[in-house]
Amino acid sequence: MNAHWSYLCSSVPHLWQNGIDMQDVPQHRRYCLITPCRDEAKYAARTIESVLKQTILPALWVIVDDGSKDATPAILAEYAAQYPWIKVITRKDRGDRKLGGGVIEAFDEGYNTINPDDFAYITKFDLDLDLPPGYFEGLMKRMEANPRIGTASGKPYMELNGQLVSEKCGDENSVGMIKFYRTRCFKEIGGFVRMLMWDGIDCHRCRMLGWIAVSWDDTDLQFIHLRPMGTSHKNWWTGRVRHGVGQWYMGTGFMYMLASCTFRLLHPPAVLGSSAMMW
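All of the points below concern the structure found in this document. (Residues numbered from 1 in each chain as written. Predicted model: local features only at pLDDT ≥ 70, side-chain atom pairs only at ≥ 80, totals over all residues. Heavy atoms only, no water.)

A closer look at helix α4 (residues 101–111)
A large share of α4 lies buried, amounting to eight of its eleven residues. Buried within α4 we find Gly101, Gly102, Ile104, Ala106, Phe107, Asp108, Gly110 and Tyr111. Looking at the buried positions of α4, the neighbouring elements they touch are β1 (31–37), β2 (60–66), β3 (86–91), β4 (121–125), α6 (183–189) and α7 (198–208). (Buried < 20%, exposed > 50% of the residue type's maximum accessible area, 1.4 Å probe, protein only. Helix = DSSP H or I, 4+ residues; strand = E, 2+ residues; numbered from the N terminus. Contact = heavy atoms within 4.5 Å.)

A closer look at the sheet that holds strand β6 (residues 149–153)
The mixed open sheet is built from seven strands, whose spatial order is β3-β2-β1-β4-β9-β6-β10. Both edges of this open sheet fall to β3 and β10 (212–215), since each of them pairs with a single strand only. When strand polarity is set aside, the average angle formed by the axes of neighbouring strands in this sheet is 15°. Relative to strand β9 (residues 178–182), β4 is paired through five bridges, and the arrangement is antiparallel. (Pairing = 2+ DSSP bridges. Axes fitted to C-alpha atoms, helices over the stretch in contact; angles between N-to-C directions.)

As for the pattern of salt bridges
By the definition in use, this model includes 18 salt bridges. Here Glu109 and Arg91 are joined by a salt bridge, their closest N and O atoms 2.7 Å apart. Of this pair, Glu109 sits in helix α4 while Arg91 sits in strand β3, and the two are 18 residues apart along the sequence. The class for Glu109 is partly exposed, based on a relative accessible area of 30%. (Salt bridge = Lys/Arg side-chain N within 4 Å of Asp/Glu carboxyl O.)

And the structure:
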């Protein structure tokens, strides 16, 4: 039994539950999620449940547990036992969360277990997100309408004092926590670099090769980032400083960075976030 038919058979009850006949999911809409994660017990179940509610389910979801010390492995095992298209890979604990390059090392380990040509789309997907049900279908429709789009995403929002607040991401990039890639484009750029700002460098590389990188702030593509961007695994200051270091590594000009920080002065955390990035 081939992998695609096995996936469809295992997913029939859920596909029917969402009003989708398995024949309605063609080859050109097969997508694979690859998730590097560590100590995400607080958010994992909510994220997984939002994926299970998608109008088009992933053909395969590879979750790479990067040495979690909390209940993450148990949560992942529970879902993997119920859904055969969820595959969990466990890495040894290196002692601490390694940001930037470490995230991509874990992603690459998952990516190396698949045949990319089996999928029309490859996605780097974090385990701290809450997606609207039509998220992936919406992206595919937009990318089918414009074959030049190589990578795309919606916009992240954070929950703050009972309100949803935009994380203020530019339209010229797909966002790092959920990068949806046309497989051909991802192969052409050579994947992600194992450095800070990998999620900006990849989009520049796309444009250099003639592809379009884009994100849309449409209601049906807005999602909740359960751990706000730039908060780091320690605190806001550490995360924002890391962002500034990454911008420097990528070669961002001083005046552009000054304008960016000025624009974000009133964005949470007000003043502190912008000051940390400039520092």
